[in-house]
Amino acid sequence: MVKKKKVPERKCIVTNEMRPKKELIRVVRNKEGEVFVDPSGKKNGRGAYLSKDKEVIEQAKQTNVLNRTFNTEVDASLYEDLLQVVEGTYHES
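Conventions and cut-offs
Residues numbered from 1 in each chain as written. Predicted model: local features only at pLDDT ≥ 70, side-chain atom pairs only at ≥ 80, totals over all residues. Heavy atoms only, no water. Patch = residues over 30% accessible without salt bridge, like charges linked within 9 Å, V, L, I, M, F, W, Y side chains within 5 Å. Areas by Shrake-Rupley, 256 points an atom, 1.4 Å probe, with all protein chains shown as cover. Salt bridge = Lys/Arg side-chain N within 4 Å of Asp/Glu carboxyl O. Lys, Arg positive; Asp, Glu negative; His and termini not counted. Charge placed at Lys NZ, Arg CZ, Asp CG, Glu CD. Helix = DSSP H or I, 4+ residues; strand = E, 2+ residues; numbered from the N terminus. Buried < 20%, exposed > 50% of the residue type's maximum accessible area, 1.4 Å probe, protein only. Contact = heavy atoms within 4.5 Å. Axes fitted to C-alpha atoms, helices over the stretch in contact; angles between N-to-C directions. Parallel < 35°, antiparallel > 145°, perpendicular 65-115°, else oblique. Nonpolar A, V, L, I, M, F, W, Y, C, P; charged D, E, K, R; others polar.

A. Layout of a positive patch on the surface. There is a patch of like positive charges on the surface, built from Lys-5, Lys-22, Lys-42 and Lys-52. Here Lys-22 shows up in the loop between strand E2 (18–20) and strand E3 (24–29).

Rendered as structure tokens:
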């Protein structure tokens, strides 16, 4: 009998639903306090996940959920980066 590989799941901080990691966008705050999008999902730092959905990104922006999660002020340009990830046009700088 072949064992099925377990799919890693994470919780979206806006919708609070568990989803496969591949369906989410990871946002990271590193030790220097920088907050940025992590498309690879492997960078060091405190991570939080958001669903790849425009409405979820807009809701996160309105409720400042990332500010509370990371205990810091998140730059508005981060939300633009998140929207680019959803649209598939994001390129790491």
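Let's pick the thread back up.
B. View of the environment of Ala-48. Along the chain, the position of Ala-48 falls in strand E5 (residues 46–51). Accessibility expressed as a relative area gives 4% for Ala-48, which makes it buried. When the C-alpha atoms of Ala-48 and Ile-25 are compared, they prove to be 8.2 Å apart, with 23 residues separating the residues in sequence. Apart from the residues within four sequence positions on either side, Ala-48 is in contact with Ile-13, Ile-25, Arg-26, Val-27, Thr-69 and Phe-70.

C. Highlighting the packing of helix H1 (residues 54–63) against helix H3 (residues 76–87). Interaxial distance between H1 and H3 falls to 10 Å at its minimum, and their mutual angle equals 170°. Relative to H3, H1 is oriented roughly antiparallel. Residues Lys-54, Ile-57, Glu-58, Ala-60 and Lys-61 of H1 form the contact with H3, whose participating residues are Tyr-79, Glu-80, Leu-82, Leu-83, Val-86 and Glu-87. Counted by class, the contact of H1 with H3 contains six nonpolar, no polar and five charged residues.

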